[in-house]
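If you want the building blocks of each chain, they are given just below.
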Amino acid sequence: MPDEKFGVIFGKVLKPDIMSAFHNYPSKLLEQAVREFAALPGIGNKTALRLVLYLLKQEKEDVESFGNAMIELKKNIHHCEICQNISDTEVCQICSNPNRSREQVCVVENIRDVMAIEGTNQYKGLYHVLGGIISPIDGVGPADLTIDQLELRIKSGETDEVILALSTTMEGDTTNFYIYKRLQTYPIRVTTLARGVAIGDELEYADEITLGRSIIDRTPFEVIFSGRKQDLA
Ligand SMILES: [Zn+2]
């Protein structure tokens, strides 16, 4: 009879390693902290345990400051009421900067894309953060994104150009097309990044020079869209 702590699956005795032995934790508090870390993307149980044990060794004040930073983050962060970017204030630093061009709105999936484009130093307009892209497989539809807010911004008449800067994936293309259709009745230019960004690439992984060039060499969306129509014919 194997030790019950080791567990048995299909008659095989499992090794008493960390992965299979959550119930072996000497402390419920430790187990709870490990579980919280392990719930984060890209963190397995082993890494979670290592991080928790590391925190446990630190000074009480340092661990408190770590915990408080997480609590404050969730409690006090805003989504900019104009562009939906993450911000400490109701209107973010980009939207409230008088030196940014208010006529251009660059539509991106998330804040990491804003950071990537800002890193190129090639863009001086504003942003609109969608909070994702349309992906039926993941159950994400237009209503789950900030497309209504985008349309309201365009309706207000300040914008001349909407630059679609979404990932060059099928979901990105679907979202581009949906937004293009939604905004078609407004007197604005809809452009998209030049395809220096490789097909299938996620924007945040494009290097700064490629991404910077793609912003400068952007293309009217109709050109790409009608090109596709010809391909399909
Ligand atoms: Zn903003």
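Residues numbered from 1 in each chain as written. Predicted model: local features only at pLDDT ≥ 70, side-chain atom pairs only at ≥ 80, totals over all residues.

(A) Representation of the overall build of the chain. Within the chain one finds eight helices and nine strands. Here the chain holds 233 residues, and 23% of them are scored as buried. (Helix = DSSP H or I, 4+ residues; strand = E, 2+ residues; numbered from the N terminus. Buried ≥ 20, exposed ≤ 12 C-beta atoms within 10 Å, placed from the backbone.)

(B) Up close: the sheet that holds strand β6 (residues 126-129). The strand order across the open sheet built from five strands is β6-β5-β7-β8-β9, with neighbouring strands paired in mixed fashion. The open sheet has two edge strands with one neighbour each: β6 and β9 (219-220). Where strand β7 (residues 161-164) and strand β8 (residues 189-192) come together, four bridges link them in parallel fashion. Bridged to V162 within β8 is V190. The sheet contacts of helix α4 (residues 111-120) involve β5 (104-108) and β6, and relative to β5 the element is tilted by about 130°. (Pairing = 2+ DSSP bridges. Contact = placed C-beta atoms within 7 Å. Axes fitted to C-alpha atoms, helices over the stretch in contact; angles between N-to-C directions.)

(C) Broad picture of the nonpolar core. Formed by 34 residues in total, the largest nonpolar core has its most connected members in C106, V107, V108, I117, L164 and A165. Counting residues per element, the ones that place at least two in this core are β5, α4, β6, α5 (147-155), β7, α6 (170-183) and α7 (208-216). Looking at which element gives the most residues to this core, the answer is β5, with four residues. (Core = buried A, V, L, I, M, F, W, Y, C linked by C-beta atoms within 7 Å.)

(D) Quick look at the packing of helix α1 (residues 28-38) against helix α2 (residues 45-57). Between α1 and α2, the least distance of the axes is 8 Å, while the angle of their chain directions is 125°. Relative to α2, the element α1 is oriented oblique. When the axes of α1 and α2 are compared, the crossing they make is right-handed. Facing α1, whose interface residues are L30, A33, V34, F37 and A38, α2 presents N45, A48, L49, L51 and V52. Within the contact of α1 with α2, the residues separate by chemical class into nine nonpolar, one polar and no charged. (Parallel < 35°, antiparallel > 145°, perpendicular 65-115°, else oblique. Left-handed = near helix turned anticlockwise from the far one by under 90°. Nonpolar A, V, L, I, M, F, W, Y, C, P; charged D, E, K, R; others polar.)

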